[in-house]
Structures are given as C-alpha cells and as structure tokens.
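# Geometric and topological summary
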Number of protein chains: 2
Amino acid sequence: MEETTNSTTQGVNNTIDFKDIYVYSDLTTIDIANLVIRNPDADNSISSSVETIIADVKHRGDQALLELSERFDGVKLTDIKLGKDDIATIASSISEDEKNAIDIAYRNIWKFHESQLHAEGKVETMPGVTCWREVRAIEKVGLYIPGGSAVLPSTFLMLGIPAKIAGCSEIVVCSPPQKGGLINCYLAYVASLLGIEAIYLCGGAQAVAAMAYGSESIPKVDKIFGPGNQYVTRAKTIIQSTSLTAIDMPAGPSEVLVIADETCNPAYVAADLLAQAEHGADSQAVLVATSDVVIKRSIEELKKQIEVLPRKDIAAKAIRNSYVILAKDIEEAMEFSNVYAPEHLILATDHWDKLIPKVNNAGSVFLGNLTPESAGDYASGTNHTLPTSAYARSYSGVSLDSFVKKITFQHLSAEGIRNIGTAVETLAELEGLHAHKNAMTLRKG
Amino acid sequence: MEETTNSTTQGVNNTIDFKDIYVYSDLTTIDIANLVIRNPDADNSISSSVETIIADVKHRGDQALLELSERFDGVKLTDIKLGKDDIATIASSISEDEKNAIDIAYRNIWKFHESQLHAEGKVETMPGVTCWREVRAIEKVGLYIPGGSAVLPSTFLMLGIPAKIAGCSEIVVCSPPQKGGLINCYLAYVASLLGIEAIYLCGGAQAVAAMAYGSESIPKVDKIFGPGNQYVTRAKTIIQSTSLTAIDMPAGPSEVLVIADETCNPAYVAADLLAQAEHGADSQAVLVATSDVVIKRSIEELKKQIEVLPRKDIAAKAIRNSYVILAKDIEEAMEFSNVYAPEHLILATDHWDKLIPKVNNAGSVFLGNLTPESAGDYASGTNHTLPTSAYARSYSGVSLDSFVKKITFQHLSAEGIRNIGTAVETLAELEGLHAHKNAMTLRKG
C-alpha cells in the first residue's frame, strides 16, 4: 500500500509544479518542523534603511514625508491631508454594482464584529471584595491601507469597522498617494461609509513612523493596524519594540492550507489554492489530502485554471514555493495542520462539522465545499487580518478586541477588608514588602 | 487664589522629597507630555549582552544554561529540572498561616479569571452565511517567575491560574535557582496547588531564550509571560521581534497614580504611595490631589511612615523620582490620569463611583478609601501583571484572554452562496484578484 502510494505520488510529482509531494507517515518530527517554517531566508537587510526612514520622519516630520513620497511613490504632494470634500468627490465615481458589493461587505462585517461586544458582570470573589472588567476603546488608532500594486478597500473595511464599533475617538488613516496625488475611488467610498473625514497620503515605513511619532499633519496614535510590504512590516516591528505605540500583530506573506478528502470537489480545491497563490510569489498554498486521486485531480484542475489567470506568473511562483502532503486519514491531516498553524484553513470535506473541535491553531477556518476563502476575504463578516507564519499558535486575528482595552476594577468594603486583610498582610510579609502590608494594616484599623 | 496655591505648594515643596509639586493649570500640553514620560534615559547598553546570551542558549542549549547559572546566580547545577517529588518536599516547609493566605489568594484569583470564560454565539450575517469565533488555549506557554532579590509566589499565582483555566497543555515554569540550587518554599507550594510537576532552575535572559528556542531540558513555548529585571525584559522584547514566540506585554518599572480629594484619608494615601515606592528606586508614585491640605497631610504621613520601612532607602529614591500635581477639581485630576495612563490607579475618594466612566487609560483601578493596591497585588482576584509606562493606552493587563486565541469559523450554504456570491465576485474584480473571483464563480455554478 505504502509503496503504491509512493510511486503514484512520485509519478504525479514529476509532472507538476508544486515543490514536492510528501507522504505524511514518511516524515520525521524534524522534517515536519522544517516543512512548516515559512520564509526561511527572510531578508534582514532592509532594517537599516527602515531605521533611517523612521529617524528622518521622527526628526523632520512633514518635510521628510513629502520628500519620501516624491522618492518612493513618484508623487510631488503639496498637502499630505486629503479632506472630506475631496474624498466625497472621488467616491462619487464608483458604479452602483461596486457600491452594492461594498455595502453588503460593510453590513456583514459590521454585524459580525458588533456581536463581539460583551459586557462582563461583577464578581464578588469574597463577601465585600468586588472585581470586574470594563471595556474602553483605544483612543487613537492608525490604519495603514496599502495602495501600491494592489488597492485594498476590503482592508479598509476590516480595520475601520471594528475601530468604529469600539468607539476609538481618533482614527488616523494613511495610504500611499496614487499617481496624480489622490486616492483610489474605492478607498474614498469606504471612508465615506465609515464617516472618516481625512486620509493622509503617505505610505511605506514613513507612514508607520508618522503614526508612531506624529508629524505636523499626522496625529500620533496608540496602536497601528494594517498589512503592507516588507518595509511597512519591518517598520511596525521596530516601532513595537522602540516606541510606546502598539501594533496589531507581526505579519508575513499570506498562506492557505487546504485539507481535502474524497468528498471534496477538486476544481474548488484548485481554485482556492490559486486564490492564495495569486497574492504574491512568496505566498504559500499547501494541500493536505487523504488520497492520491484527490491530489492528482486537484493538480490537473490547478494546471487548467492557472492558464487563464492574469496573475498567472505570480501564482506559478507561489505554487513552486508550496507543497502537497498525502495523509492516511483526516486525523493525520488535522495533526499536520495544527503544527503548520495556517492563516487560512479550508476544510474541503462534507464532514467538516466533526473536525471543528480538532482545530487548535489557525487564523480563520472555511468549512465545507461551498465556503471559499474569498468569502471571508471580502464579505462573510469575519476579519481578514490574520496571523501568518505560524503565529496562529499564539495570536488571534484582528477583531473588536484589537481596538479596546479591558481595565480591571476592584472595591473593598469594610467587610471585604475583614475577609481579605490578613491574607494580604501575610503575603506581603512573606514577599518582604512591608509597605504593602502597612497599606492593609492601616485600613484594618 | 492661584498665587496662594503656588506659594503654599512651593512652601511644601521645600521640605519634601518629591521631585516637585506642579499646579495642573500652569502646565502646558508639552509640560504634561514630558511629565508622563517614564524612564526618559532608559539604558540601551544591555542589548548586546542580552543578544549574546540569546545566541549562546540557542546554539549550546543546556550547557550554556548551566554555565550562565554559575556565572549569574552563583549556583553550580547538575540538573536544570526540579521534579514533582522535590517540589512537594520543599513545599511542605511552609506554615499553616502562609498556606491559608496563599489558598485565599488562589481561590479569589481563580474565581475572577474563571468568570472571564465566555462562549460566543453564531451569527448569521446573511441567510446561509454563518460566522462565529471559538476559543482555543495557546498550547505551550512559558511562565517566568523572578526569584532574585524578591521571591514572588504571587506572580506565579497570577500567571499559573489563568494558564490552567485556559487549558494550556504545556506550562513551562522557569525561575532562577536560590543559593543551594533549589527554589523557595512558597513557589513550590504554588506549583503543588497548580499541579505543575516541574520547575526549571533558570533565570534572566537565558530563561527567556530557552523558552523561545527550547533546549535539551526546557521545552520551546508559543508565548512567554512574566516580569523580570531589565535583562529579562530586554530579552522578551528581542524574542518578540525575532522569533515566533509571543510575549505577554512590554514591561517597565512599576507605578501608581493616586487621585485624592478632601474625602481621602492622607495616612492611607501615604501608605499606598510607599507601597509602590518600595518596589524599586525606578518605581514612580504620583499623587494628584485637589487640595493643598491633602497634599501637605499626605506628605507628612509619608515622611512618618517611611521611617520604619525596611526598604526605606529604595522607597526614598523612588519618591525623589516621583511628583505631586495639584488639580483644581477631580475632573482635572482624571484628565491628567488618562494622559499618564497609570499601571495602578487609586481613587482615594468617597465619590469613586462617579469617576468610573471617566477612566479611559489604566491597568487596574482601586476604588475608594478602603481598597489599597496591595489588595489587588495579592488577593482580590484581579491580575497584577499590568501595562506600565503608559502602555495602558493600548494594552490590557494579563487575563484569561492572554492565554487563548479566538479562531473565526465560517460556513456558506447554497443559499449563502446565492446571497453573497455576486458581492464577492465584484470585490475580487475591483481589487484585481481574478483567482479570488473564480473560487466563488465556480461555486455559484
């Protein structure tokens, strides 16, 4: 059985563009650990140029931003800030169909994120000792909306809607200027929907620096959100460890892991792998299937579908950066998936309901054969800002939680003091903190 | 009025050890921005030695750990791992009173953190489009429990209890060895309560490195928690931006801000300021009061109480690193507090209930005259691992949330496809992502 499997998969392997097809049971723990590493040769060489940009923006503010826009975006701006009226004018050029599509996404994303509002009750941990948490919006947030090779109104929705629901009092939006010094009409329309009255024409590492330190035009924020190229990502990482400004999460190239069994539709599996692959040459689209036939048919479909894609070359590179695993059953497939900890996990099987409890590490999960990742990328309502590179082991995707803090409150009554006082004194004493003890002793009277 | 105030506070100022007393209305926005900066001269010089330690542990594992323990802790270990039986033996030496105190803290902390469990419902964002989030424990967590000059069983409770409630499958605990190569009995007792069967005798930056990369003895984890000296803190910051391991939050010296009005008890105010000050010379204890008299009496009390403290010298240094602000009313006091964003906020007033909605930025809040910070440090039930240095503007303290991820799930039925399909196609098209569109088009059939 195993031999047949091997020879079949090797046969398939010779004719496709995936990096390789592995038989799961042949892999050692070390093989698996190596397979799940993304970007093994991530380039650190950009750090010093990003640091230079950050220092420049920190010290010269708007003047640095204007010069950097000219240098990197090829745009000579007179004003960094694009105001409400300009935004409204630009937004008016979008078609009714496009408007309807954005409106549907807006409503679904709003509905799902609004459901994440949750007030907690008070807990009397002992009689007279009352503790609780209250939610407060992060006051000033910065949203980075990429606008270079791809313009992403969907990202603006994914970040702007939870910021609005949370009640952030200042929402600063930066996006690189298009040629001509303006923004794309889709971003303008989303800004109008969100009631955001200014967009700062500023991209790259310089936008991150401006939001972290503030400039004459751009307000300093408490937390920065949003995806971007490697310069943006590196700037966020540097800002996170050198300033008081927080970031949403570390980021790497996008990725999907598709688990497929004999109940899958190989054409859909191929389409989902390609949807991931077209993002960028460094994207990864991993297929874990429980049968040779599924693998063979999915690859055949993929080769057919890729031919007509405008971004065919990018997708082909990403597929060569990706691999296939043959698992003996769905449990083995889930085991690998939990080690890989994919940003997107597609369960291409009719038996998806049984697998839900087995999902331990993933960003967002797409259940069954009728749920493509692109539904969640745009309009199902879930957030598409998700942990990549196996960060799903410890990070959640962006949600309403990302835009708030939870502050703890506690109150002791005289009865509370009587119930808890001696314990506090004893614990302070054994930790050698006598002023801590005294603060309680005085109140015990 | 303003003149009288000034001369009075300056009179007080000449005789006390706070850095200064400021009248809030005299301060410019820039003055305030400068006042709320903590550690303006934080020392970056330790970075390279921390980086060396991390690289050493990463490459030489246990051997490096043993050598570093000998060098930094002055302890020659033969085994890094302290097992269950040793822990039980060490734990047995604590007194009944101490045991009772720890038990009370354990129960209260457990009760409060357990109340943070919350399952969310499913949301049908459109007919046939169902989205929800499920909570999963972070599988492998690392707890760093300091054990140098101070031994902190309370920190072990604060980190171990939510890890247990979350259901983390592997809880790795590192604490520096005491002289003699063992651990303190209080930590051992907490380990027994939590059912933790091993403690790794390892401290400082090397412990952080070991948990991030793993060694022969110490398992690699997904997220590292816990306070520590500047080496530990720096190691966590480096790990966060260079490895896949997450950290709980950035950390600086501890701090308190006390808001006091004429209904306060100045002896309690002084005791609370000193409880903070005894933590370390770099701690900050800020008093914001609405009257000269409160300031004067609190300082008199502070000078009396400090005399009998074993850690008097440390506390005196911290007080010299701290300041007092005279506000014209409680609203002005709250305004300053929200800019300062204190780790601990004490509302030393009978009118605390009216202030709760005004608290926007703080880690944990202590309400009224009978609620000392030390109650929350040890046993009220709230967590004492909190954001310092104004990170409370964007970070929450440690809670059950810190030990889990929330994974989004979504399912589309055929009806869902009909309702959402066109919107997804349109959005993919306008973002220029044709494979994304195709994944939906195929399913629309």
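Residues numbered from 1 in each chain as written. Chains lettered and ligands numbered in written order. Predicted model: local features only at pLDDT ≥ 70, side-chain atom pairs only at ≥ 80, totals over all residues. Heavy atoms only, no water.

## Some points on the overall build of chain A
Spelled out, the test is: Elements are defined by DSSP. Helices are runs of H or I of four residues or more, strands are runs of E of two residues or more, and each kind is numbered from the N terminus. Here, residues are in contact when the closest pair of their heavy atoms is within 4.5 Å. Using a 1.4 Å probe, the Shrake-Rupley method yields the accessible areas, and only the shown protein chains count as cover for residues.
The helix and strand inventory of chain A stands at 18 helices and 15 strands. Along the three orthogonal principal directions, the C-alpha set of chain A runs to about 85 × 60 × 45 Å. Taking as baseline every contact in chain A between residues at least 6 positions apart, the subset at least 24 positions apart corresponds to 75%. As displayed, chain A offers around 16,400 Å² of accessible surface, 50% of which is attributable to carbon and sulfur atoms.

## A closer look at the side chain of Ser298(B)
Residues and elements named next belong to chain B. Rule in force here: Only protein chains enter the accessibility calculation, which uses a 1.4 Å probe; a residue whose area is less than 20% of its type maximum is buried, one above 50% is exposed, and one in between is partly exposed.
Locating Ser298 in the fold gives a position in helix H12 (residues 292–306). The buried category is assigned to Ser298, whose relative accessible area is 1%. Filtering out sequence-adjacent residues up to four positions away, Ser298 remains in contact with Pro266, Val269, Ala270 and Leu287.

## A few points about the domain arrangement of chain A
All names here are of chain A. Put simply, the rule reads: The split into domains, and so the bounds of each, comes from an automatic or database assignment of domains. The term buried area refers to how much accessible surface (probe radius 1.4 Å) is lost by two components on association, counted for both of them together.
Each assigned domain of chain A is listed here: domain 1 (7–35 + 253–393), domain 2 (45–125 + 134–248) and domain 3 (413–444). If you average the C-alpha positions of domain 1 and of domain 2, the two centres end up 31 Å apart. Every contact between the two is made by 10 residues of domain 1 and, on the other side, 11 residues of domain 2. Buried area between domain 1 and domain 2, summed over both chains or domains, comes out near 840 Å², and the portion from carbon and sulfur atoms is 57%. It is Gly381, Asn383 and His384 in domain 1 that bury the most area against domain 2; as a group they hold 46% of the surface buried on that side.

## Structural notes on helix H5 (residues 84–91) of chain B
Residue and element names in this part refer to chain B. Counted only if it meets this: As used here, the arc is the angular range of directions from the helix axis to the C-beta atoms.
Of all the positions in H5, only Ile87, Ile90 and Ala91 are classed as buried. The buried residues of H5 occupy an angular sector of 100° when projected down its axis, which confines them to one face. Turned more than 90 degrees away from the buried face of H5 sit Asp85 and Thr89, all of them exposed. The elements touched by buried residues of H5 are strand E2 (81–82), helix H8 (185–194) and strand E7 (199–201).

## Structural notes on the interface of chain A and chain B
Condition: Salt bridges are counted wherever a side-chain nitrogen of Lys or Arg sits within 4 Å of a carboxyl oxygen of Asp or Glu. For this analysis, a polar contact is any N or O atom pair within 3.5 Å, provided that within protein one partner can donate a hydrogen and the other can accept it, and provided that sequence-adjacent residues contribute only side-chain to side-chain pairs. Under the grouping applied here, Gly and all other residues not named as nonpolar or charged are polar, the nonpolar ones being Ala, Val, Leu, Ile, Met, Phe, Trp, Tyr, Cys and Pro and the charged ones Asp, Glu, Lys and Arg. A pair of strands is treated as paired once DSSP finds two or more bridges between them.
Counting residues at the interface gives 116 residues for chain A, matched by 116 residues for chain B. Overall, the association of chain A and chain B removes approximately 10,300 Å² of surface from exposure, summing both partners, and the carbon and sulfur fraction of that is 61%. The largest per-residue losses of area from chain A upon contact with chain B belong to Tyr378(A), Gln410(A) and Arg443(A), which jointly make up 8% of the total buried on that side. Taken together, the links from chain A to chain B amount to 6 salt bridges. Taking the shortest distance from any N to any O, the salt bridge between Asp272(B) and Arg443(A) comes out at 2.7 Å. At the junction of chain A with chain B, the criterion picks out 68 residue pairs in polar contact (both at pLDDT 80 or more). Across the side of chain A that touches chain B, the residue classes break down as 58 nonpolar, 37 polar and 21 charged. As defined by bridge partners, strand E15 (residues 404–412) of chain A adjoins strand E14 (residues 364–367) of chain B across 4 bridges and the pair is classed as parallel. Across the sheet, residue Thr408(A) finds its bridge partner in E14(B), namely Ser364(B).

## Here's the deal with the packing of aromatic side chains
Rule in force here: Stacked, tilted and edge-to-face are the three classes assigned to paired rings of Phe, Tyr and Trp, where Trp is represented by its six-membered ring and a pair needs centres within 6.5 Å; plane angles under 30 degrees give stacked, over 60 edge-to-face, the rest tilted. Only when the NZ of Lys or the CZ of Arg is both within 6 Å of the ring centre and within 35 degrees of the ring normal is a charge said to sit over the ring.
Per the stated rule, a full pass over the model turns up 16 aromatic pairs over all chains. Seen from their ring centres, Phe336(A) and Tyr340(A) are 6.1 Å apart, and the 40° between their planes marks the pair as tilted. With a gap of 4 residues between them, Phe336(A) and Tyr340(A) both fall in helix H14 (residues 330–340), about one helical turn apart. With 6.4 Å between their ring centres and 75° between their planes, Tyr323(B) and Phe336(B) make a pair best called edge-to-face. On the criterion of sequence distance, the pair formed by Tyr323(B) in strand E12 (residues 323–326) and Phe336(B) in helix H14 (residues 330–340) is long-range, its members being 13 residues apart. Assessed through its relative accessible area of 1%, Tyr323(B) is described here as buried. A connected cluster of aromatic rings, assembled from ring pairs, spans Tyr22(A), Tyr24(A), Tyr323(A), Phe336(A) and Tyr340(A). Positioned above the aromatic ring of Tyr340(A), the side-chain terminus of Arg38(A) is 3.6 Å from the ring centre.

## With respect to the sheet that holds strand E5 (residues 140–144) of chain B
Pairing between the strands of a sheet comes from backbone hydrogen bonds, and it takes one of two forms, parallel or antiparallel. All names here are of chain B. Put simply, the test is: Lines fitted to C-alpha atoms define the axes, with helix axes restricted to the stretch in contact, and inter-axis angles between N-to-C directions lie between 0 and 180 degrees.
One open sheet holds the 6 strands; their spatial order is E2-E7-E6-E5-E8-E9, and the pairing between them is mixed. Strands with a single pairing partner mark the edges of an open sheet, and in this sheet they are E2 and strand E9 (246–247). As defined by bridge partners, E2 adjoins E7 across 2 bridges and the pair is classed as antiparallel. Its bridge partner being in E7, Leu82 is matched across the sheet by Ile199. Sitting on the sheet, helix H7 (residues 153–166) touches E5, strand E6 (170–175), E7 and strand E8 (223–225), and the angle it makes with E5 is about 170°.

## Let's talk about the confidence of the model for chain A
Fine structural detail should not be taken from predicted coordinates in areas where pLDDT scores are low. For clarity, the threshold we go by: By definition, pLDDT measures how confident the predictor is in each residue, and it falls between 0 and 100.
Confidence along chain A averages 93 in pLDDT terms, with 95% of residues attaining 70 or more. Note on residues 1–16 of chain A: pLDDT under 50 across the span, and 22 contacts to partners over four residues away in sequence or across chains.

## Details of the relation of the copies chain A and chain B
In summary, the two copies of the chain are related to each other by a rotation about an axis coupled with a shift along it. Where we set the bar: We place the copies in one frame by least squares, fitting the C-alpha atoms of every residue whose pLDDT is at least 70 in both.
Structural alignment of chain A on chain B gives an RMSD of 0.0 Å, achieved by rotating through 180° and translating 0.0 Å along the axis. This pairing of chains is accounted for by a two-fold axis. No C-alpha of chain A approaches the rotation axis more nearly than that of Ser241(A), which lies at 3.8 Å. Residue by residue, 100% of the interface of chain A is reproduced at the interface of chain B, so both copies engage with the same surface.

## Brief notes about the UniProt feature "binding site: NAD(+)" (unreviewed entry) in chain A
Residues and elements named next belong to chain A. What counts is decided by this rule: UniProt positions are given in the numbering used here, feature names are shortened, and annotations may be inferred rather than shown by experiment.
In the UniProt entry, the feature "binding site: NAD(+)" (unreviewed entry) is given for Tyr144, Gln206 and Asn229. For the annotated residues, spread through 86 residues, the largest C-alpha to C-alpha distance comes to 12.3 Å, consistent with a single compact locus. With respect to the helices and strands, the residue Tyr144 is situated in strand E5 (residues 140–144). A relative accessible area of 4% means that Tyr144 is categorised as buried. Within the structure, Tyr144 has its side chain in polar contact with the backbone nitrogen of Gly204 (distance 2.8 Å).

## Some details on the UniProt feature "binding site: substrate" (unreviewed entry) in chain A
Under the feature "binding site: substrate" (unreviewed entry), the UniProt entry names Ser254(A), Gln276(A), His279(A), His344(A), Asp377(A), Glu431(A) and His436(A). These annotated residues cover 183 residues of sequence, and their C-alpha atoms reach 55.8 Å apart at the extreme, placing them across more than a single site. Along the chain, Asp377(A) falls in helix H16 (residues 373–378). Overall, Asp377(A) belongs to the buried group, its relative accessible area being 8%. Those residues in contact with Asp377(A) that lie beyond four places of it in its chain are Ser154(A), Met158(A), His344(A), His384(A) and His436(B). By the secondary structure assignment, His436(A) is in helix H18 (residues 434–444).

## Some points on the environment of Ala207(A)
All names here are of chain A. Within the secondary structure layout, Ala207 lies in helix H9 (residues 204–213). Assessed through its relative accessible area of 0%, Ala207 is described here as buried. Separated by 11 residues in the primary sequence, Ala207 and Ile218 have C-alpha atoms spaced 9.0 Å apart. Ignoring sequence-local partners within four residues, the contact set of Ala207 consists of Tyr144, Cys174 and Cys202.

## Quick word on the sheet that holds strand E1 (residues 20–23) of chain A
A sheet is described by the order of its strands in space; here 9 strands give the open sequence E1(A)-E12(A)-E11(A)-E10(A)-E13(A)-E14(A)-E15(B)-E4(B)-E3(B), paired in mixed fashion. Strand pairing shows two members of the sheet lacking a second neighbour, E1 of chain A together with strand E3 (123–126) of chain B, which therefore form its edges. Across the sheet, the axes of successive neighbouring strands diverge by a mean angle of 20°, strand direction being ignored. Strand direction decides the pairing type here: strand E10 (residues 255–260) of chain A and strand E11 (residues 284–289) of chain A, joined by 6 bridges, are parallel. Pairing of Ala260(A) across the sheet is with Ala289(A), part of E11(A). Along the sheet face, H14(A) touches E10, E11, strand E12 (323–326) and strand E13 (344–348) of chain A and points at about 170° away from the line of E10(A).

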